[in-house]
Amino acid sequence: MLLRRAHWRAAAVMTEALRPLGIELRHFAALIVLVDRGATVQRDLAAATGSDKAGIMRVVDDLERMGLAVRKAVPGDRRARAVEITPKGVELFDAAHVAAEPLAERLVADLGPGEPERLRDLLTRFAYPPGGEA
């Protein structure tokens, strides 16, 4: 329950930061993956964002409609589509980071020196354990 409560609090802060930009947290999550990995097939984008097939299709539909991403054919696989961020998507991604940074700092304002970094390290190790076990 503690992790769930922390997630709710962080998600509420990010939702507040993203609202003026016209995107939701689910859109931002996809943009993060696309910036980090480059063009990504939809099934991998779904896995990376914790979404299902239908959910990621809705997110990509939204991103395309907003001009933030495009779907492209994958050479050698007629059925697969890779999603690629557009220059407008990169601009919005950068703006989202700028908007979110002060709010994210507020989330950890009550922690002591070095604790925000320690928290990030611990959460990273918890979320991505050695060997990739779930």
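Residues numbered from 1 in each chain as written. Predicted model: local features only at pLDDT ≥ 70, side-chain atom pairs only at ≥ 80, totals over all residues. Heavy atoms only, no water.

(A) Inspection of the nonpolar core at higher detail. By size, the foremost hydrophobic cluster in this structure holds 25 residues, and its most contacted members are Ile23, Phe28, Leu31, Leu45 and Leu63. Elements represented by at least two residues in this core include exactly helix H1 (2-18), helix H2 (25-37), helix H3 (42-49), helix H4 (53-65), strand S3 (77-85) and helix H5 (87-107). Setting aside chain neighbours within four positions, we find Leu45 in contact with Ala30, Val33, Leu34, Thr40, Ile56, Val60 and Val83. (Core = buried A, V, L, I, M, F, W, Y, C linked by side-chain atoms within 4.5 Å. Buried < 20%, exposed > 50% of the residue type's maximum accessible area, 1.4 Å probe, protein only. Helix = DSSP H or I, 4+ residues; strand = E, 2+ residues; numbered from the N terminus. Contact = heavy atoms within 4.5 Å.)

(B) Molecular detail of the pairing of strand S2 (residues 69-74). Across 6 bridges, the pairing between S2 and S3 is antiparallel. Residue pairing across strands places Ala73 opposite Arg81, the latter belonging to S3. Hairpin remark: S2 followed by S3, antiparallel, with 2 residues in the connecting loop; positive phi at Gly76, about 90 degrees. (Pairing = 2+ DSSP bridges.)

(C) Representation of the layout of surface pockets. Taken as a whole, the largest pocket holds about 1,900 Å³ of empty space. If you go around the largest pocket, you meet 35 residues; those closest to its centre are Ala6, Ala10, Leu107, Arg120 and Leu123. Sorting the residues of the lining of the largest pocket by element identifies H1, H2, H3, H5 and helix H6 (115-127) as the ones contributing at least two each. The leading source of residues in the lining of the largest pocket is H1, at 10 residues. Here the residues of the lining of the largest pocket sort into 24 nonpolar, 4 polar and 7 charged. Of the volumes computed, that of the second largest pocket is approximately 250 Å³. Counting only elements with at least two residues in the lining of the second largest pocket, the list comes to H3, H4 and S3. Element by element, the count of residues in the lining of the second largest pocket is highest for S3, at 4 residues. Considered class by class, the residues forming the lining of the second largest pocket number 5 nonpolar, 1 polar and 6 charged. (1 Å grid on protein atoms, 1.4 Å probe; cavity = no way out; pocket = protein on both sides within 12 Å on 5 of 7 lines; lining within 4 Å. Points joined across faces, edges and corners; volume = space filled by probe spheres on them. Nonpolar A, V, L, I, M, F, W, Y, C, P; charged D, E, K, R; others polar.)

(D) The arrangement of the sheet that holds strand S1 (residues 40-41) in detail. Strand order in the open sheet made by the 3 strands is S1-S3-S2, with antiparallel pairing throughout. Since the sheet does not close on itself, it has two edges, and those belong to S1 and S2, each with one partner. Running over the sheet, H2 touches S1, S2 and S3 and is turned about 95 degrees from S3. (Axes fitted to C-alpha atoms, helices over the stretch in contact; angles between N-to-C directions.)

(E) The arrangement of the pairing of S3 in detail. In this sheet, S3 lies alongside S1 in antiparallel orientation, the contact comprising 2 bridges. Paired with Val41 across the strands is Ala82, a residue of S3.

(F) A look at the pattern of salt bridges. In total, this model carries 9 salt bridges according to the counting rule given. Notably, a salt bridge pairs Glu24 with Arg26, separated by 2.7 Å at the nearest N-O pair. Among the residues examined, Glu24 registers a relative accessible area of 44% and is labelled partly exposed. Its salt-bridge partner being Arg125, residue Asp121 comes within 3.0 Å of it at the nearest N-O pair. One end of the pair, Asp121, and the other, Arg125, are both in helix H6, 4 residues apart, so they sit about a helical turn from each other. Arg125 sits in the partly exposed class, given a relative accessible area of 49%. One continuous salt-bridge network, built from bridges that share partners, spans Glu24, Arg26, Asp62 and Arg65. (Salt bridge = Lys/Arg side-chain N within 4 Å of Asp/Glu carboxyl O.)

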